[in-house]
Each structure stands twice: as structure tokens, then as C-alpha cells.
Amino acid sequence: MESLSRAQARRVALAAQGFLDPPHAVPTLRTFDRTLARTGVLQVDSVNVLQRAHYMPLYSRMGPYDAHPATGLLARAAERRPRRVVEYWAHVQAFMPVELWPLMQHRMETYRAGRGKWWKDVDDALVDRVRSAVAAGDGPVTARGLEERLGAGGPRRKDHWGWNWSEVRKVLDYLYMCGELAVAGRNAQFEVRYDVPERVLPASVLALPTPSPQEAVTELVRRAARSHGVASAACLADYYRLRQQPDPRRPGLPSTAVAVQQLVEEGELLPVTVEGWRRPAYLHRGARVPRRVGARSLLSPFDPVVWERDRTEHLFDFHYRIEIYTPPEKRVHGYYVLPFLLGDELVARVDLKADRGAADGGLLRVAAAWAERGAPAATATELAVELHRLAGWLGLAGVVVAPRGDLAPELSAACGAL
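Worth saying up front: this structure is predicted, and the values here are computed from it rather than measured.

Caption draft 1: Here's a closer look at unusual backbone geometry. Residue Pro82 is bonded to the preceding Arg81 through a cis peptide linkage, with omega at -10 degrees. Here Arg241, not a glycine, exhibits a phi torsion of approximately 55 degrees, which is positive. You can see Arg241 is positioned in the loop between α11 (233-239) and α12 (256-265). On the basis of relative accessibility, which here comes to 42%, the residue Arg241 falls in the partly exposed class. Notably, Asp360 is not glycine yet its phi reads approximately 60 degrees, a positive angle. Relative to the helices and strands, Asp360 is located in the loop between β12 (345-355) and β13 (363-371).

Caption draft 2: How the structure looks around the pairing of strand β8 (residues 269-274). Alignment of strand β1 (residues 3-4) against β8, held across two bridges, turns out to be parallel. Across the sheet, residue Leu4 finds its bridge partner in β8, namely Val274. Pairing analysis gives four bridges linking β8 to strand β9 (residues 281-284), with the strands arranged antiparallel. Directly across from Leu269, in β9, lies its bridge partner His284. Remark: six residues form the turn of the hairpin made by β8 and β9, two consecutive strands paired antiparallel; Gly276 in that turn has positive phi of roughly 85 degrees.

Caption draft 3: Helix α7 (residues 143-150), seen in detail. Those residues of α7 not exposed but buried are Ala143, Leu146, Glu147 and Leu150. Projected down its long axis, α7 carries its buried residues within an arc of 105 degrees, all on one side. Elements that come into contact with the buried residues of α7 comprise α6 (124-136), α8 (167-177) and β6 (192-195). Where α7 ends, the next residue or the one after it, Gly151, has phi of about 65 degrees, a positive value.

Caption draft 4: Region of interest: helix α14 (residues 379-393). For α14, spanning 15 residues, the distance from its first C-alpha to its last is 21 Å, which sits close to the expected 21 Å at 1.5 Å a residue. Considered for burial, the residues of α14 that qualify are Thr379, Ala380, Leu383, Ala384, Glu386, Leu387, Leu390, Ala391 and Trp393. Gly395 sits one or two residues past α14 and shows a positive phi near 75 degrees.

Caption draft 5: Broad picture of the packing of α7 against α8. Two numbers describe how α7 lies on α8: the axes approach to 9 Å, and their chain directions differ by 120 degrees. Relative to α8, the element α7 lies oblique. When the axes of α7 and α8 are compared, the crossing they make is right-handed. Along the contact surface, α7 presents Ala143, Leu146 and Glu147, while α8 presents Val168, Arg169 and Leu172. Per-class residue counts for the contact of α7 with α8 are four nonpolar, no polar and two charged.

Caption draft 6: Layout of the sheet that holds strand β11 (residues 337-343). Taken in spatial order, the five strands line up as β10-β11-β12-β13-β14 in an open sheet, and their pairing is mixed. Since the sheet does not close on itself, it has two edges, and those belong to β10 (295-298) and β14 (398-401), each with one partner. For this sheet, the mean inter-axis angle between neighbouring strands, taken without regard to orientation, is 30 degrees. Note that β10 and β11 share four bridges and pair antiparallel. In the sheet register, Ala295 faces β11, and the bridge partner there is Gly343. Strands in contact with helix α15 (residues 408-416) are β12, β13 and β14; relative to β14, the strand with the most contacts, it is inclined by about 155 degrees.

Caption draft 7: The pattern of salt bridges, seen in detail. Summed over all chains, the structure comprises 25 salt bridges. Between Asp344 and Arg11 there is a salt bridge, and its shortest N-O distance comes to 3.3 Å. Of this pair, Asp344 sits in the loop between β11 and β12 while Arg11 is found in helix α1 (residues 6-16), placing the two residues 333 residues apart along the sequence. There is no split in this pair, since Asp344 and Arg11 are both buried. In this structure, Arg38 and Asp21 form a salt bridge, with 2.8 Å as the shortest nitrogen-oxygen distance. Of this pair, Arg38 sits in helix α2 (residues 29-39) while Asp21 is found in the loop between α1 and α2, placing the two residues 17 residues apart along the sequence. Under the relative-accessibility criterion, Arg38 is labelled partly exposed at 29%. Taken together, the shared-partner salt bridges connect Glu219, Arg222, Arg223, Glu266 and Glu268 into one network.

Caption draft 8: Geometry of the packing of aromatic side chains. If you walk through the whole model with that rule in mind, you get seven aromatic pairs. With 5.3 Å between their ring centres and 35 degrees between their planes, Tyr65 and Trp393 make a pair best called tilted. Taken together, the residues span a long stretch of sequence, with Tyr65 in the loop between α3 (56-62) and α4 (73-79) and Trp393 in helix α14 at a distance of 328 residues. When the centroid spacing of 5.8 Å and the interplanar angle of 50 degrees are considered together, the rings of Phe318 and Tyr320 count as tilted. Taking relative accessible area as the criterion, Phe318 reaches 0% and is therefore assigned buried. Each member of the aromatic cluster is reached from another via a ring pair, and the members are Tyr59, Tyr65 and Trp393. Lying over the aromatic face of Phe190, Arg52 brings its terminal NZ or CZ to 4.0 Å of the ring centre. Positioned over the ring face of Phe318 is Arg349, at 4.1 Å from the centre of the ring.

Thresholds applied
Residues numbered from 1 in each chain as written. Predicted model: local features only at pLDDT ≥ 70, side-chain atom pairs only at ≥ 80, totals over all residues. Heavy atoms only, no water. Helix = DSSP H or I, 4+ residues; strand = E, 2+ residues; numbered from the N terminus. Buried < 20%, exposed > 50% of the residue type's maximum accessible area, 1.4 Å probe, protein only. Pairing = 2+ DSSP bridges. Arc of directions from axis to C-beta. Contact = heavy atoms within 4.5 Å. Expected span 1.5 Å × (residues − 1). Axes fitted to C-alpha atoms, helices over the stretch in contact; angles between N-to-C directions. Parallel < 35°, antiparallel > 145°, perpendicular 65-115°, else oblique. Left-handed = near helix turned anticlockwise from the far one by under 90°. Nonpolar A, V, L, I, M, F, W, Y, C, P; charged D, E, K, R; others polar. Salt bridge = Lys/Arg side-chain N within 4 Å of Asp/Glu carboxyl O. Phe/Tyr/Trp six-rings, centres within 6.5 Å; stacked < 30°, edge-to-face > 60°. Lys NZ or Arg CZ within 6 Å of the ring centre and 35° of its normal.

Pasting the structure below:
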């Protein structure tokens, strides 16, 4: 296949992301493994106005599943032996399969050489104290717990926008980014629990050989291509946040361009054109090109389908921006807005909030609802069904639609009829 229409490319992308996988009445760890193989990673984010970001892509593909933070599928995969996933800076902060740990060594080495990602002025003596204290401990520790042990909390200053980290917390993050510590889990307050990699990751993973930086990048591009189905080089680079082009000032650094060339030569990536795309595109040789996709799901702002906003616009003709950090008076669609996927198109968007404190079991509040141009007549009805399903998964008793947005009146009526 040398060319794809935009509709074909959409269906390829959705199939690669798992939206053709048959549903299970009760998703299991096997279902989880299959879904993670599609998405590759699950982005972690602390915003909890609806549901934390790393739970949502699983729901969007598997349907309602056990998402209890201590005993659910993701908790079992992340914290019970043998661990299936571990957190690292894979896309950004994300759960990734444990076997990616060796592929991230080149990134860890970059952070070691550059004094971390965020904190360039961490105190060397405190680094040594923190490293030794975690290693000498008898299990995972939070920053606050370690501060108490070391007597080294100190004041928290907001020197960086949105940050309020102690020096110990900065050192822990630095050691984590460098791979000297790993995330063992999180507590009920969503605080990171750190430990040495030997007590977090399976010994079989730690014993794997470390690939060269270019070998690691090539494998990550291969995985990104499988997760995307069809993609430009920029899309492939963004999936694991890789360097796209070689740096002429620093020869020898790995790049996506080198990886793409190798995978094309090996026949794993097939050059194609996609309707409306200016950039060359690459179809993974194992990608499915379905005639239809019968999806009906809400997508988190941190879902891989909509991560890369230009890609989303080119595939779905859907202009999407997250407005969490936009002042309320300047927001166009709302605070926590989720696109609604129906069939193979994004047909609407809703601003959602889980009001767990509401009487009679809590409510899923729809602060605004907007239809896309050309949305099918059944959009409100289908969206109402999905909102009630989502409310049930979140343990909320009902759905309430506020009168904001062009879809709100029809959606309110459809929700009331269920």
C-alpha cells in the first residue's frame, strides 16, 4: 500500500491502539497486558478531577475494570511480584513495561552527565546521604519519610512555577532520573515511594544487557511504530520523546532518523503518503487496515491517541488543547475536557468532573458539552450511554449536564432518558 486516505489512516491508528480488540466482560491481567502492548506506556498525571490519567486509557480500551489504587489491575501490575510495569520518564512520567528499563539507560546516562533533568544544583553531600539512606533502608520511602529520618526537610520554596519540593525531594528525583533509584509505588496521597532498583525490578530485567544508545532508540522507534500504526518521523520521535535528527555538533548521538532509515531498509516500516499530510509517513508492516472501527469511548487529555496535537488535527480534523493551566476566563471548552470517540471519529468533547462529595452516591458533572462540525445525529444519545457507563465505573450514582455548550441541551435530555 503506497497511500492512505485520512479515514484509512485514522482506522489504522485506532486499531494499533487497541480499539479493535474484543471486549472482556471482566478485564483481567491478561487483558491489561494486551492493552499495554498497544499503548506502550501509560502517562502519569496527578490531576484527579475525574480520574487519574494513567487509569483512563485502560478504561477507554478495556471498558470498566478494577481500578482500585491498592488492589486493582494497575496496582497488581505495578507493585506485586513479578512486576509488569514501572514508572520512568518514558514519554513523560509514565508506567512502562519493565523490559524497557535497559532501553532507558542511555537517557539515564544523559541525565547523569547533565546533572539531572530539573535540578542542576543539588548538593553532592546530600546526594550521597540520600543514596546511602535509601539503600540502607528496609523498603520504599517517600520524600517526607526520608526527611524525617535524615532530619533534613528544610523549607519548601516555589522557585519554579508549580513546584514545592524540598531539597531531599529534589535529590530523590535526581537519583530516580539517573536510574540510581526506582519508583516502587505511591501512597494514598499519591506521593512517590522510592527504593533501589534491585528491590523494585525483577532480577531478570536488571540482568539484561544494555543496548547501545542507537540500538535503544531504534527499538523504541519500532515500538512507537507498532503503537501508532502509521506515523510521521515526528510522531515516532514524540512517542518516547526521542531526538528526531542527528546533531552535527555532537556526532554519534542516537536519533529517530537513523532508526527510521534502518527499519525501512529492513522492511518493518513501509513509506506511504497520507491524505492531507505534508510529511512522509511510515506504515508498520504489521498494522491492520480495517474497513471500520466501532469504537465508543471518552479519551483522557493524556491518551496516546491525542498526545501529539498536530497528529490529532491531521488524523481527525480535531483541534485540541488542554486548558487546565489556562485562566478560567480564557478557557474555550473547559478545565478537564475529554474528546468523545465514536466510530473512527472524534465527534464531541465534554468538560467532566467527578463530584464524589455529592449526596446520594456522587455525580458525574458535565460542565460543558460541545459537538464537532458534522457530528452524527446519534452523538448525544451515544455520548449519554458512555457517560453513564463512565459514572458507573467511577462509582458515581448519576450524570448531571450543565447548560453550557451547543450539545448540552440534547445531551441533558438523552442522559435524563436513560
